[in-house]
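# Fold and contact review
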Amino acid sequence: MRAPGDRTHLILTADGTSLSVREIGSRMAPVTVIFAHGFCLHMDAWAPQRAYLAEVWRGRARLVFFDHRGHGGSGAADTDSYTISQLGRDLDVVIRTVAPQGPIVLVGHSMGGMSVMSYVAHHQEAAAAQIVGVGLISTAVDNVAGAGIGRALNTPAVTVLRTASAHAPGLLGRSWNLSRRILSPVVGATCPLAPSASVRAAATSYGMVHATPIPTVAAFLRDLRIYDASPALDVLAKVPASIICGTRDRVTPIGHSQRLAAALPLAELIPVSGARHIGLERPDVVSEGLDRLLGRAVGRREQDTTRRSKSDLVGA
């Protein structure tokens, strides 16, 4: 269903890859919220948050969703470009296109959260000038392969799938089951293939995962082993943050979120009892947490603006 002010278009990156973007709300809204989805998903993974926030923040926030390269409606690219660093650069293009000025709140789930932090780590001056809040859901700032089932990323299976996808992409592309056997349990845990607490959420996730090309899966799994965006923490420490993670998340265990919360003094840590890696399991918790984040981010910015105005009057 299309909401009022709903616009869908394509953005071209520097290497010619097209990114599918959807905007909801007025471009004159006081704040823009940009959402980055997780690994093997696409922008519709945010459907519950899109509906909730579009209603609650009607007229006060513009919502922007986009598909990562190789996912959903965005174009494919050379698999050598399927890295978290490149996703951060893609996010930079999205920001410079849809919100080159004004306050923004960045929200990312899993690999999307990593792309947010990668953007901040490599564009610190621009990020500090615009970001007024950040939502990080089931994600990590580094060492993905050092905890939980992410340790399986260090196994030869990842290299096997990468090599097979390069030399026989047609074979793997026709057989998700074969690919899952090669990478079990890595793909099965990193992507939401198992039944979740919600049958509808599980079916939605399953469809998104199986629409993701195998070369995309293989390339990003390889890069997750070396991802490190820890320089982003200095910038993000200065803005309100919402950090949400399931207590049964085996992909990015809650220890990753606890570390983020400890490093970000303005963070609200929201542990979701019994939830696993995929945020679709408890969309209500995610939506309400992001609602509070926006309230804190916008309220804090308004207070800062008021203080600056009073300071200017005193100095006049």
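These lines cover the structure that appears in this document, whether it is placed above or below. Keep in mind the model is a prediction, meaning the values are calculated, not measured.

### Notes on the overall build of the protein chain
What the protein chain contains, in helices and strands, is 13 helices and eight strands. Across the 316 residues that make up the protein chain, the buried fraction comes to 55%. Taking the intrachain contacts of the protein chain between residues at least 6 apart in sequence as the baseline, contacts between residues at least 24 apart amount to 77%. Taken as a whole, the protein chain presents about 13,300 Å² of accessible surface, with 55% of it coming from carbon and sulfur.

### Things to note about unusual backbone geometry
In this structure, Ser138 is a non-glycine residue whose phi angle is positive, near 50°. One can find Ser138 in the loop between strand E6 (131–137) and helix H5 (156–167). Residues other than glycine seldom take positive phi values, yet Asn143 does so here, at roughly 55°. Residue placement: Asn143 occurs in the loop between E6 and H5.

### Here we look at the pattern of salt bridges
Using the criterion set out here, one finds 12 salt bridges in the structure. The salt bridge partner of Asp44 is Arg50, with a shortest N-O separation of 3.5 Å. In this structure, the salt-bridge partner of Glu268 is Arg292, at a minimum N-O distance of 3.1 Å. Placement of Glu268 in strand E8 (residues 267–272) and of Arg292 in helix H13 (residues 283–315) is noted, with a sequence separation of 24 residues between them. Linked by salt bridges that have partners in common, Arg7, Glu23, Arg27 and Arg62 make up one network.

### Remarks on the pairing of strand E7 (residues 241–246)
Most of E7 sits out of view: six of its six residues are buried. With burial as the criterion, each face of E7 is covered, one bearing Ala241, Ile243 and Cys245 and the other bearing Ser242, Ile244 and Gly246. Judged from the four bridges that link them, E6 and E7 form a sheet pairing that is parallel. Across the sheet, Gly135 pairs through a bridge with Ser242, a residue of E7. Here E7 runs beside E8; their pairing, made up of six bridges, is parallel. Residue pairing across strands places Ala241 opposite Ala267, the latter belonging to E8. Read as a crossover between parallel neighbours, the route from E7 over helix H12 (residues 254–263) to E8 is right-handed.

Rules used throughout
Residues numbered from 1 in each chain as written. Predicted model: local features only at pLDDT ≥ 70, side-chain atom pairs only at ≥ 80, totals over all residues. Heavy atoms only, no water. Helix = DSSP H or I, 4+ residues; strand = E, 2+ residues; numbered from the N terminus. Buried < 20%, exposed > 50% of the residue type's maximum accessible area, 1.4 Å probe, protein only. Contact = heavy atoms within 4.5 Å. Areas by Shrake-Rupley, 256 points an atom, 1.4 Å probe, with all protein chains shown as cover. Salt bridge = Lys/Arg side-chain N within 4 Å of Asp/Glu carboxyl O. Pairing = 2+ DSSP bridges. Right-handed = clockwise from strand over helix to strand, strands pointing away.

The quantities given are spatial measurements derived from coordinates; they are silent on function.
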